[in-house]
Amino acid sequence: MGCSPILISLFILSCSALILAGDFRKDIDIVRGSDKAKILENGQAITLSLDKASGSGFESKAQFLFGKVSMELKLVPGNSAGTVTSYYLASKGTMWDEIDFEFLGNLSGDPYTVHTNVITQGKGDREQQFRLWFDPTVDFHTYSILWNPKTIVFYVDGTPIREFKKMNTKNVAYPEKQAMRVHSSLWNGDDWATRGGLVKTDWSKAPFTAYYRNFEVQDCDWSAPGSNVSCGGGGPNSWLNEGIDENSRKRLKWVQSNFIIYNYCNDAKRFRLGLPTECVVMN
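The rules behind the values
Numbers given for residues are sequential positions, taken from 1 along each chain in its written order. Residues qualify for local features only when their pLDDT is at least 70, as the model is predicted, and side-chain atom pairs are given and counted only at 80 or more; totals for whole chains, interfaces and linings, by contrast, use all residues. Calculated side-chain values reflect all of the structure's heavy atoms, with hydrogen atoms and water omitted. Centre distance within 6.5 Å is the pairing criterion for rings of Phe, Tyr and Trp, where only the six-membered ring of Trp is used; planes under 30 degrees apart are then read as stacked, over 60 as edge-to-face, and the remainder as tilted. Working definition: helices are DSSP H or I runs of at least four residues, strands are E runs of at least two. Numbering for both runs from the N terminus. Only protein chains enter the accessibility calculation, which uses a 1.4 Å probe; a residue whose area is less than 20% of its type maximum is buried, one above 50% is exposed, and one in between is partly exposed. Here, two residues are considered to be in contact whenever any of their heavy atoms come within 4.5 Å of each other. Definition used in this section: a nonpolar core is a set of buried Ala, Val, Leu, Ile, Met, Phe, Trp, Tyr and Cys residues joined via side-chain atoms within 4.5 Å. Put simply, a salt bridge is a Lys or Arg side-chain nitrogen that is within 4 Å of an Asp or Glu carboxyl oxygen. Counted as a polar contact is a pair of N or O atoms within 3.5 Å, where, for protein atoms, one must be capable of donating a hydrogen and the other of accepting one, and residues adjacent in sequence contribute only when both atoms are in side chains. Note on pairing: DSSP must find at least two bridges between two strands before they are called paired. Think of each axis as a best-fit line through the C-alpha atoms, taken over the contacting stretch in the case of a helix, with angles from 0 to 180 degrees between the N-to-C directions.

*Asks:* Looking at this model, I keep getting lost on the packing of aromatic side chains. Mind explaining?
*Replies:* Going through the model one piece at a time under the given rule, you end up with 18 aromatic pairs. Measuring from centroid to centroid gives 4.8 Å for Phe103 and Tyr143, while their planes differ by 65°, and the two rings are edge-to-face. A residue pair is termed long-range when its members are at least 10 positions apart, and Phe103 in strand S9 (residues 98-104) and Tyr143 in strand S12 (residues 141-147) qualify at 40 residues. Among the residues examined, Phe103 registers a relative accessible area of 0% and is labelled buried. An angle of 10° between the planes, with centres 6.4 Å apart, marks the rings of Phe164 and Tyr174 as stacked. One end of the pair, Phe164, is in strand S14 (residues 159-165); the other, Tyr174, is in the loop between S14 and strand S15 (181-188), and 10 residues separate them in sequence. Taken individually, Phe164 and Tyr174 each receive the classification buried, so the pair is uniform in this respect.

*Asks:* Could you clarify how one ought to interpret the environment of Val172 in this entry?
*Replies:* With respect to the secondary-structure elements, Val172 resides in the loop between S14 and S15. Residue classification places Val172 among the buried positions, given a relative accessible area of 5%. Considered as a pair, Val172 and Thr120 are 52 residues apart in the sequence and their alpha carbons are 9.6 Å apart. Those residues within four positions of Val172 in sequence are excluded, and the remaining contacts are Arg126, Phe164, Met167, Thr277 and Glu278.

*Asks:* Teacher, can you tell me more about the nonpolar core here?
*Replies:* Buried together is how nonpolar side chains tend to be arranged in soluble globular proteins. Core analysis: the biggest nonpolar cluster contains 59 residues, and Met71, Leu89, Phe101, Tyr143, Trp147 and Tyr212 have the highest contact counts within it. In this view, Leu89 contacts Phe64, Val69, Asp97, Glu98, Ile99, Ile145, Trp147, Met180, Arg181 and Val182; residues no more than four positions away in its chain are not counted.

*Asks:* Whenever I open this one, the pattern of salt bridges confuses me. Can you help?
*Replies:* A pair can form between side chains of opposite charge whenever their charged atoms are brought close. All told, the structure shown has 13 salt bridges when counted by the stated rule. Note that Glu59 is salt-bridged to Lys92, the shortest N-O span being 3.4 Å. Taken as a pair, Glu59 in strand S6 (residues 56-60) and Lys92 in the loop between strand S8 (83-90) and S9 lie far apart in primary sequence, 33 residues in all. Between Glu163 and Arg249 there is a salt bridge, with its nearest N and O atoms 2.9 Å apart. Here Arg249 lies in helix H2 (residues 246-258) and Glu163 lies in strand S14, a separation of 86 residues in the sequence. Residue classification places Glu163 among the buried residues on the basis of a relative accessible area of 14%. Given a relative accessible area of 26%, Arg249 falls into the partly exposed group. Salt bridges sharing common partners tie together Lys123, Asp125, Glu127 and Arg270.

*Asks:* Explain unusual backbone geometry to me, please; I cannot follow it from the model alone.
*Replies:* Working note: non-glycine residues mostly have negative phi, and peptide bonds are mostly trans. The residue after Ala206, namely Pro207, is reached through a cis peptide bond having omega 5°. Take Pro207: it is sitting in the loop between S15 and strand S16 (208-225). Although it is not a glycine, Gln121 adopts a positive phi angle of roughly 50°.

*Asks:* For this particular structure, what's the right way to read the side chain of Ser80?
*Replies:* Mapped onto the elements of the fold, Ser80 is located in the loop between strand S7 (64-74) and S8. At 3.2 Å, the side chain of Ser80 forms a polar contact with the side chain of Tyr112. Beyond its immediate sequence surroundings of up to four residues, Ser80 is in contact with Gly105, Asn106, Tyr112 and Phe208.

*Asks:* I would appreciate a short explanation of the sheet that holds strand S17 (residues 260-263) in the present structure.
*Replies:* Backbone hydrogen bonds hold the strands of a sheet together, and the pairing may be parallel or antiparallel. Across the sheet, eight strands lie side by side as S3-S6-S15-S8-S9-S10-S11-S17; this open sheet has antiparallel pairing. Where the open sheet ends on each side, the last strands, each with one partner, are strand S3 (28-32) and S17. Strand-to-strand, the axes of this sheet are offset by a mean angle of 15°, without reference to chain direction. One ladder, built from three bridges, connects strand S10 (residues 113-119) with strand S11 (residues 128-130); its direction is antiparallel. Bridge pairing links Val114 to Phe130 in S11.

Interpretation note: all reported values are geometric properties and have no functional meaning in isolation.
Next up, the structure:
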């Protein structure tokens, strides 16, 4: 499979044309709550737990500039109000970039909220929130983040739920210069997560546990800052050239029409001086 170079300033990227099936034993570091993170199934699965003392979390050893990351998750069942199960890409530093999936817990019987955000150089305020069309606590479902030089797409079981396009010509900031790692954590967010913080975590239900498996990454391995930059494409159908085709566009519209519960682009009260540029352009 050939590698077509794409020039990107400030970084050197090496081509990775294969899907890298993750082994949690080799590919991640447990960075919080080591006693509450358990690697299972010969490295193919991991559980994170939360109790009143602390939560738990991990991050990938590898960092990359552009990639497609997929993970199967089964979320905390029952009364998970106040808990936040996060799965995201992020760089380091005070001017960091970040692409977020966060799953906000609920009272037993209520639906989960899927919270998404795109942060560039430390500035976010690009939240969209969704309900799901299934119960994410009953079985595993696949959540994917596509991040390439032209677009960011959030997928649930292969269905796009959100797209954030690169619009540099419109002076819309886009994460494209900082390498990121994959992060996941389970933590207590009861000051905001469930109904704006009105519902607190019921610690009598602890420990809370979320399940992860089948971690896959297709990426451009980040090497080092430099002046000559190339990233392998692997052909017109690879993740590096991926976008939303006509059929996927229909599914995206279905999700946005039926399951979105908050869109920053519709929040004129929040942005009293005018909606963000990308909202105006997209509309």
